[in-house]
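Here is what each chain is made of, one letter per residue.
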Amino acid sequence: MSFVEEFVSRVAAVAGGSSLGLHEPLFKGNEKRYLSECVDSGFVSSVGAFVDLFESKLKGFTGAEHAVALVNGTAALHLGLMATGVRAGDEVVVPALSFVATANAVVHAGATPHFVDVNVATWGLCPVALRQRLIAVGIRNGDILVNKQTGRRISAIVPMHALGHPAQIEEIMDVAAEFGLVVVEDSAESLGSFVSDRHTGLFGAVGVFSFNGNKTITTGGGGAVVTRDADLAAQIRHISTTARLPHSWDFDHDQVGYNYRMPNINAALGVAQIERLAVLVALQRNLFLQYSQALEGFSGGNLKKENCGASSNFWLQAFLLDESKAHRRDEVIESCIKSGLKVRPLWKPLNSLTPFLQSPSASTPVSESLYQRAICLPSSAVLGSVR
Ligand SMILES: *Cc1c(COP(=O)(O)O)cnc(C)c1O
């Protein structure tokens, strides 16, 4: 058997014959019941008991003091950046290897992403590369850090926990403190992932989750911000609901707001999903073990493993080809797809995308190399059930 055939057959041993997409949701709990309760109540839109219940369950699971449920993860990043003081004209550090929404949200907040490389072991923002870059381009001007090449203020860092695997968030927080920068944690993929018993998203000033259809749990579309800061939470709640001042009948608004609150019908689905979050994470961890067994002894690369000192939700399983096999990535992907296995490459590095070609960037060889070598494997939770 050729290298490519052998890879396809080993992946098929776990995911073959399922015709599942890359990551499909699993509805085995109270989803239908809560959705029909929600419809019967008449409250399907921007107010309702399921939104409060979903927020309280999210706080319970993560240990966050405050949670605000929003329409999607991108909107949550946008408001998280605004509320923590990112202003139009600022620069915000973003890992070069992330889903495009991380950088898009920075632009939505009026700022410019500034790309830094990721770590070869964690696949998340590299604290060493981050510090080197800030030393190389940053200059202090009173309280603020200015990029001496562009003249813009650097105000925040948005680390991302790639594929659910926690980045080196404690080291990143230290660098942020050293340079006086705020951290908005893009934890969109890492609900259920921890670093030394603390949930991802609780290290930065705010953390952001996504409940899109392909994430660990889904609300159809949805997102949330978590924070320990009551004022930040109140501010985000306020700007997400048109910045309307509380009044029993009058319409008065104290700034330009957004319509970003999660509808009750989405929260109803979310409550049923979050009730089964621990089960879903266990299935994903079991799926990792299945792939580990199926790919054991396969020479040509390695499955992405859990990062040191971190507990991962294993949201998306990925295989990293050795450098000597990188030139065969497309052939591997195409053969898998032909055999009905819905694999995908990793995201193209953000600093190579058309909208960000003019954005400042450090050199990003690790992001480039991971992009050229990684293959994301079918990762629906149902595949992790013992069959
Ligand atoms: C999914 C995702 C988002 C955006 O979430 P949406 O709910 O799709 O807007 C942001 N960042 C990362 C890393 C993601 O994977």
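Predicted model, so just to flag it, every value in this text is computed and none were measured.

S.K.: Report on the environment of Asn 264, specifying residues and quantitative values.
M.R.: With respect to the helices and strands, Asn 264 occurs in helix H9 (residues 264-275). Overall, Asn 264 belongs to the buried group, its relative accessible area being 2%. Linking Asn 264 and Thr 364, residues 100 residues apart in sequence, is a C-alpha distance of 42 Å. At 2.9 Å, the side chain of Asn 264 forms a polar contact with the backbone nitrogen of Phe 50.

S.K.: If you had to explain the pairing of strand S1 (residues 66-70) to someone new, which residues and values would you point to?
M.R.: Burial within S1 is extensive, with 4 of its 5 residues counted as buried. Across 5 bridges, S1 lies against strand S11 (residues 223-227) in antiparallel orientation. What sits directly across from Val 68, in S11, is Val 225.

S.K.: Any details on the site of the ligand? Residues and values, ideally.
M.R.: Taken together, 15 residues surround the ligand, and among them Gly 73, Thr 74, Glu 189, Ser 210 and Lys 215 come closest. Contact distances for the ligand include 2.7 Å between an oxygen atom and a backbone N or O atom of Gly 73. Residue Asp 186 places a side-chain N or O atom 2.8 Å away from a nitrogen atom belonging to the ligand. Relative to its unbound accessible area of 380 Å², the ligand is 92% covered by the protein chains.

S.K.: Describe the pattern of salt bridges, listing the residues and the values that go with them.
M.R.: Counted by the stated rule, this structure contains 11 salt bridges. Put simply, Arg 285 and Glu 306 hold a salt bridge, and the shortest N to O gap is 2.8 Å. Of this pair, Arg 285 sits in helix H10 (residues 277-294) while Glu 306 sits in the loop between strand S12 (301-303) and strand S13 (310-311); the two residues are 21 residues apart in sequence, bridging distant segments of the chain. Looking at Arg 285, the relative accessible area reads 30%, which means it is partly exposed. By relative accessible area, Glu 306 is classed as partly exposed at 30%. Note that Asp 330 and Arg 329 form a salt bridge whose closest N and O atoms lie 3.0 Å from each other. Owing to a relative accessible area of 44%, Asp 330 belongs among the partly exposed residues under this scheme. Look at the salt bridges and you will find they share partners, linking Glu 55, Arg 237 and Arg 261 into a network.

Conventions we followed
- Residues numbered from 1 in each chain as written.
- Predicted model: local features only at pLDDT ≥ 70, side-chain atom pairs only at ≥ 80, totals over all residues.
- Heavy atoms only, no water.
- Helix = DSSP H or I, 4+ residues; strand = E, 2+ residues; numbered from the N terminus.
- Buried < 20%, exposed > 50% of the residue type's maximum accessible area, 1.4 Å probe, protein only.
- Polar contact = N/O pair within 3.5 Å; in protein donor to acceptor, adjacent residues only side chain to side chain.
- Pairing = 2+ DSSP bridges.
- Near = heavy atom within 4 Å.
- Areas by Shrake-Rupley, 256 points an atom, 1.4 Å probe, with all protein chains shown as cover.
- Salt bridge = Lys/Arg side-chain N within 4 Å of Asp/Glu carboxyl O.

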